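Listed below are the residues making up each chain.
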Amino acid sequence: KISTASGTRNKTAPLLHGLFFEDINHSGDGGLYAELIRNRAFQGSDVTLGQKKGFSGDRIIDSENKEVPWGPTLTAWKSIGGALLSLDTLNPLSDALGTVLRVDIPTDATGEVGILNEGWWGMDVQVQPYDASFFIKPSQPLYNKKVTKINLSLRSALNNDTFATQSIAIDKPLSTYNYTQFSTVITPNKAAPNSNNTFAITFDAAEAKGNTFFISLVSLFPPTYKGRKNGLRKDLAEHLAAMKPKFLRFPGGNNMEGLSIDTRWQWKKTIGPLINRPGRPADWSYYNSDGLGFLEYLEWCEDMEIEPLLTIYAGYSLDLTNKQPANTVPKDELQFYIDEAIEQLEYAMGDVNTPWGAIRAAHGHPKPFNIKYVEIGNEDWFSDSYYWRFPAFLDALKKVHPNITYIASQATESSPANRNTTIPPGAMWDLHHYETPQFFKDRFNFFDNWQEISGYKGVQIFVGEYSVLSRDRVGGVDWSNSEGRFKYPTMVAAIGEAIFALAMERNPGVVTLSSYAPLFQNFNGYQWTPDFIGFTADPNATVLSTSYYQQQMFSLYHGAETLPVQNTVGDFNPVWWHASISTDNRIWIKLINAADKAAPVTLQLDKKISRVNGTILGHEDEYGFNYIGNATAISPKKFTLDAKKAVKGQSLQYSVPGTSIVVLEIV
Ligand code: AHR
């Protein structure tokens with residue numbers, strides 16, 4: 001039974017379905033950040049040698065079991081025509097970018113000579129303008145000044161096909177003291193048939209032989225989402241926008257915390273010209289360029305018209321292997337990090353008359369952003385110090401920004417048990433759940449009366465990370481990368497997540513924000529499965545998962561008010577459901593059938609039903625999933641119910657297919 005009487009409805013949580021992004025699985029560098037050049041400034045690359053599994057990613061460990069710092073590499077760079085490539089630290093490009101590429105051109109070189117970049121496991125080449133740029137400096141005593149042009153090209157890695165070439169004329173000898181930056185637009189005259197392509201910078205050997213060049217910050221951008229300079233990969237961003245998300249939590253996750261205090265995500269090092277961004281050895285086995293920096297995250301929110309939800313560093317870095325408690329900032333040093341967070345908010349929200357607001361304006365964004373949600377730390381249940389760090393941050397931030405809603409990343413310390421963090425009314429609590437389908441099915445009622453039962457009166461919930469991680473099995477979720485853990489989100493995963501999302505939707509007074517995690521997986525380099533969207537360099541090979549489609553359906557059909565529903569026969573299991581109504585009076589009934597057989601239901605409304613349209617996500621195999629080559633195997637299908645057969649006045653007969661998620665739209 002569904003009541004539409006106006007007095008019985010509740011407002012839904014308008015921002016319930018959102019996004020959580022951190023650079024994991026090459027979701028940023030090599031993913032959503034549109035830069036096509038991999039290892040563009042020799043900051044450091046993936047960890048490839050001597051890997052040892054740590055808690056949160058891999059570390060390089062030497063023979064004495066000591067951690068080795070991640071150094072710059074030549075990853076993704078290759079020589080053309082016998083040029084000798086090496087790394088150089090004597091000719092830094094900037095204070096931030098200390099290592100550059102040294103290119104020695106042999107005296108006996110002939111024909112074409114230079115370098116190429118393989119991109120992030122290839123690059124997509126279309127007939128569209130690409131912004132190309134690089135810094136170059138010849139070596140002083142060797143420079144023969146005969147070089148009159150530098151050639152840029154986009155070419156196949158498989159054969160001699162070239163899709164674009166462009167020459168940059170060198171009108172006067174290059175400076176041997178300072179780097180010269182060249183920028184140009186290069187437009188292919190034909191599209192490449194696949195993404196196995198490279199970007200080359202070459203010289204005519206007759207002119208360049210015997211020279212040595214230092215090169216760095218080589219950049220190539222295709223048109224980006226909403227045309228932002230240094231922006232987002234268009235196709236991937238459009239998949240996110242198509243979900244109509246309401247907020248973005250960033251920049252982590254573990255990747256915000258860092259593997260040590262020094263390698264935490266330091267917002268000040270992620271802003272301004274790229275030449276000033278050093279990047280960092282991040283949490284997920286690869287260096288971050290930080291090209292996707294604090295301002296770019298905020299602009300992403302602006303471009304998608306979604307609320308920024310900022311996680312700030314709260315004095316705790318995640319390295320459970322051997323450094324505890326060394327990775328907790330000592331109490332008497334915490335103020336520095338609190339001040340850093342206050343400055344961070346000023347950079348985002350201050351007007352141009354504030355010191356940091358003026359810097360943001362100088363970076364091209366005079367208009368202040370409005371941040372309404374700030375999360376203090378991430379998953380601090382791993383720490384034993386949140387009970388004093390959280391109030392210190394909260395009190396100080398509230399004084400400057402009383403209107404922000406603050407989110408605690410932990411409430412009950414695992415040890416010692418008596419050190420509970422107090423979350424005051426008005427603040428929120430971020431819960432993370434990586435679970436089995438059964439865990440979520442069992443929690444349809446989890447948030448009902450949650451505040452009363454838990455004692456957290458006035459505290460609302462943000463489910464900041466959730467997903468079905470493994471099959472149901474004895475012993476619960478399977479964290480190992482063995483049989484139980486899903487490689488891709490499956491149909492049964494989407495069903496579990498949908499039931500949990502219903503649990504949230506029916507409690508809008510308790511759960512106001514939620515986001516799936518992790519968001520992206522580059523199929524060529526990743527650390528975590530299952531993930532929401534899988535991709536490669538080829539936009540046609542992107543895989544939107546069952547979980548993606550489930551969340552998209554929930555986000556698109558999220559009414560403005562909940563409608564009270566009453567189960568008159570039996571229990572919810574195996575069909576779970578919930579109803580809401582849009583501002584233009586469309587009734588959306590979400591029905592989830594977790595059984596493999598169809599389940600007939602009768603829906604009784606208190607008003608006449610004239611039309612019923614539906615959207616269904618379903619599959620006969622609960623372990624079915626979408627994958628490259630079969631990316632839409634499980635995707636939403638629209639249908640219309642024959643009202644003459646299905647509807648009798650105010651009542652509707654419908655058989656919910658087995659293993660499916662359905663939204664019925666009733667008008
Ligand atoms: O989503 C992957 C990781 O899971 C996040 O970085 C962390 O917050 C959680 O443990």
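Residues numbered from 1 in each chain as written. Predicted model: local features only at pLDDT ≥ 70, side-chain atom pairs only at ≥ 80, totals over all residues.

- As annotated in an unreviewed UniProt entry, the chain carries the name non-reducing end alpha-L-arabinofuranosidase and is attributed to Pyronema omphalodes.
- Under the UniProt heading Catalytic activity (unreviewed entry), the entry covering the chain gives this text: "Hydrolysis of terminal non-reducing alpha-L-arabinofuranoside residues in alpha-L-arabinosides."
- Under the Sequence similarities (unreviewed entry) heading, UniProt states for the chain: "Belongs to the glycosyl hydrolase 51 family." (UniProt positions renumbered as here; feature names shortened; annotations may be inferred.)

### Notes on the overall build of the chain
Line of reasoning, step 1. Within the chain one finds 13 helices and 35 strands.
Line of reasoning, step 2. Taken against the 2.2 N^0.38 rule, which gives 26 Å for 667 residues, the C-alpha radius of gyration of the chain at 27 Å falls within 12% of a compact globule.
Line of reasoning, step 3. Taking the principal axes of its C-alpha atoms as reference, the chain extends roughly 90 × 60 × 55 Å.
Line of reasoning, step 4. Going through the 667 residues of the chain one by one, you find that 48% of them count as buried.
Line of reasoning, step 5. For the chain, contacts bridging at least 24 residues in sequence account for 75% of all contacts bridging at least 6. (Helix = DSSP H or I, 4+ residues; strand = E, 2+ residues; numbered from the N terminus. Rg over C-alpha atoms; globule rule 2.2 N^0.38 Å. Buried ≥ 20, exposed ≤ 12 C-beta atoms within 10 Å, placed from the backbone. Contact = placed C-beta atoms within 7 Å.)

### Some details on unusual backbone geometry
Line of reasoning, step 1. Here A517 and P518 are connected by a cis peptide whose omega angle stands at -15°.
Line of reasoning, step 2. Along the chain, the position of P518 falls in the loop between β23 (511–516) and β24 (520–522).
Line of reasoning, step 3. A cis amide bond links T529 with the next residue in sequence, P530, at an omega value of -10°.
Line of reasoning, step 4. Following the sequence through the fold, P530 ends up in the loop between β24 and β25 (533–535).
Line of reasoning, step 5. Of note in the backbone geometry, F42 takes a positive phi value of approximately 55° without being a glycine.

### Focus on helix α3 (residues 234–241)
Line of reasoning, step 1. Taken together, the buried positions of α3 are L236, A237, H239 and L240. For α3, the arc enclosing every buried residue in end-on projection is 155°, short of the 170-degree limit, so these residues lie on one face.
Line of reasoning, step 2. Buried residues in α3 make contact with β2 (17–20), α1 (28–32), α5 (294–304), β25 and β26 (543–544). (Arc of directions from axis to C-beta.)

### A word on the nonpolar core
Line of reasoning, step 1. Membership of the largest hydrophobic core comes to 171 residues, with the highest contact counts inside it found for I215, I376, I499 and I592.
Line of reasoning, step 2. When residues in this core are grouped by element, the largest group, twelve residues, is from helix α11 (residues 491–505).
Line of reasoning, step 3. Residues contacting I215, with those up to four places away along its chain left out, are V100, L101, V103, F134, F135 and I136.
Line of reasoning, step 4. The next biggest cluster of nonpolar side chains, apart from the first, holds five residues, and it includes A282, W284, Y286 and Y287. (Core = buried A, V, L, I, M, F, W, Y, C linked by C-beta atoms within 7 Å.)

### Section: the packing of helix α6 (residues 334–349) against helix α8 (residues 386–400)
Line of reasoning, step 1. Two elements in contact, α6 and α8, have axes separated by 10 Å at closest approach and are oriented at 40°. For the element pair α6 and α8, the recorded crossing hand is right-handed. Contact with α6, carried on its side by L334, I338, A341, I342 and L345, involves R389, A392, F393, A396, L397 and V400 of α8 and no other residues of that element.
Line of reasoning, step 2. A per-class count over the contact of α6 with α8 returns ten nonpolar, no polar and one charged. (Axes fitted to C-alpha atoms, helices over the stretch in contact; angles between N-to-C directions. Left-handed = near helix turned anticlockwise from the far one by under 90°. Nonpolar A, V, L, I, M, F, W, Y, C, P; charged D, E, K, R; others polar.)

### Regarding the site of the ligand
Line of reasoning, step 1. Residues in close proximity to the ligand include E22, I24, G252, G253, N254, N378, E379, H432, E465, A517, P518 and W528, which together make up its full environment.
Line of reasoning, step 2. By residue class, the composition of the shell around the ligand is four nonpolar, five polar and three charged. (Near = placed C-beta within 6 Å.)

### Considering the sheet that holds strand β22 (residues 460–468)
Line of reasoning, step 1. The strand order around the closed barrel built from eight strands is β2-β15-β18-β19-β20-β21-β22-β23, with neighbouring strands paired in parallel fashion. Geometrically, the sheet is characterised by an average inter-axis angle of 25° between neighbouring strands, direction not taken into account.
Line of reasoning, step 2. The pairing of β22 with β23 spans four bridges and is classified as parallel. Residue pairing across strands places V463 opposite S514, the latter belonging to β23. (Pairing = 2+ DSSP bridges.)

### Some thoughts on α11
Line of reasoning, step 1. With 15 residues, α11 ought to run about 21 Å at 1.5 Å a step, and its terminal C-alpha atoms sit 20 Å apart, in line with that.
Line of reasoning, step 2. Burial analysis of α11 places 15 of its 15 residues in the buried class, the great majority of the element. (Expected span 1.5 Å × (residues − 1).)

### Things to note about the UniProt feature "domain: Alpha-L-arabinofuranosidase C-terminal" (unreviewed entry) in the chain
Line of reasoning, step 1. As annotated in UniProt, the feature "domain: Alpha-L-arabinofuranosidase C-terminal" (unreviewed entry) corresponds to residues 464–660 in the numbering used here.
Line of reasoning, step 2. The span residues 464–660 shows a helical share of 15% and a strand share of 31%, and its end C-alpha atoms are spaced 25 Å apart.

### A look at the environment of S94
Line of reasoning, step 1. The residue S94 is located in the loop between β6 (84–88) and β7 (100–104) in this model.
Line of reasoning, step 2. On the neighbour-count criterion, S94 (18 C-beta atoms within 10 Å) is partly exposed.
Line of reasoning, step 3. Expressed as a C-alpha distance, the spacing of S94 and R277, which sit 183 residues apart in the sequence, is 9.4 Å.
Line of reasoning, step 4. Other than its neighbours up to four places away in sequence, S94 contacts I275 and N276.

### Description of the sheet that holds strand β30 (residues 599–604)
Line of reasoning, step 1. Taken together, the three strands give an open sheet; going across it, the order is β30-β34-β33, and neighbouring strands pair in antiparallel fashion. Only two strands of the sheet have a single partner each, and these edge strands are β30 and β33 (647–648).

### Digging into the packing of α6 against helix α7 (residues 355–362)
Line of reasoning, step 1. At a minimum axis distance of 7 Å, the contact between α6 and α7 shows a crossing angle of 50°. When the axis of α6 is compared with that of α7, the two are oblique. Between α6 and α7 lies a crossing of right-handed hand. Contact residues: α6 offers E343, E346 and Y347, while α7 offers W356, G357, I359 and R360.
Line of reasoning, step 2. Among the residues making up the contact of α6 with α7, the classes are represented as three nonpolar, one polar and three charged. (Parallel < 35°, antiparallel > 145°, perpendicular 65-115°, else oblique.)

### A look at the pairing of strand β35 (residues 660–666)
Line of reasoning, step 1. Counting buried residues along β35, five of its seven residues qualify, which places the element largely inside the surrounding structure.
Line of reasoning, step 2. In this structure, strand β31 (residues 612–618) lies alongside β35, joined through seven bridges in antiparallel fashion. The residue bridging L617 from the neighbouring strand is I661, located in β35.

### A closer look at the environment of G624
Line of reasoning, step 1. Its location among the elements puts G624 in the loop between β31 and β32 (637–640).
Line of reasoning, step 2. Distance from G624 to L154, taken between C-alpha atoms, is 38 Å for residues 470 residues apart in sequence.
Line of reasoning, step 3. When neighbours within four sequence positions are excluded, G624 is seen to be in contact with T490, M491, H619, A633 and I634.

### Digging into the confidence of the model for the chain
Line of reasoning, step 1. Mean pLDDT over the chain: 93, with 94% of residues reaching 70 or higher.
Line of reasoning, step 2. Counting interchain partners and residues more than four positions distant, the pLDDT-below-50 stretch residues 48–58 has 22 contacts.
Line of reasoning, step 3. Overall fold confidence (pTM) sits at 0.96, and the ipTM for the predicted complex is 0.99. (pLDDT = per-residue confidence, 0-100.)

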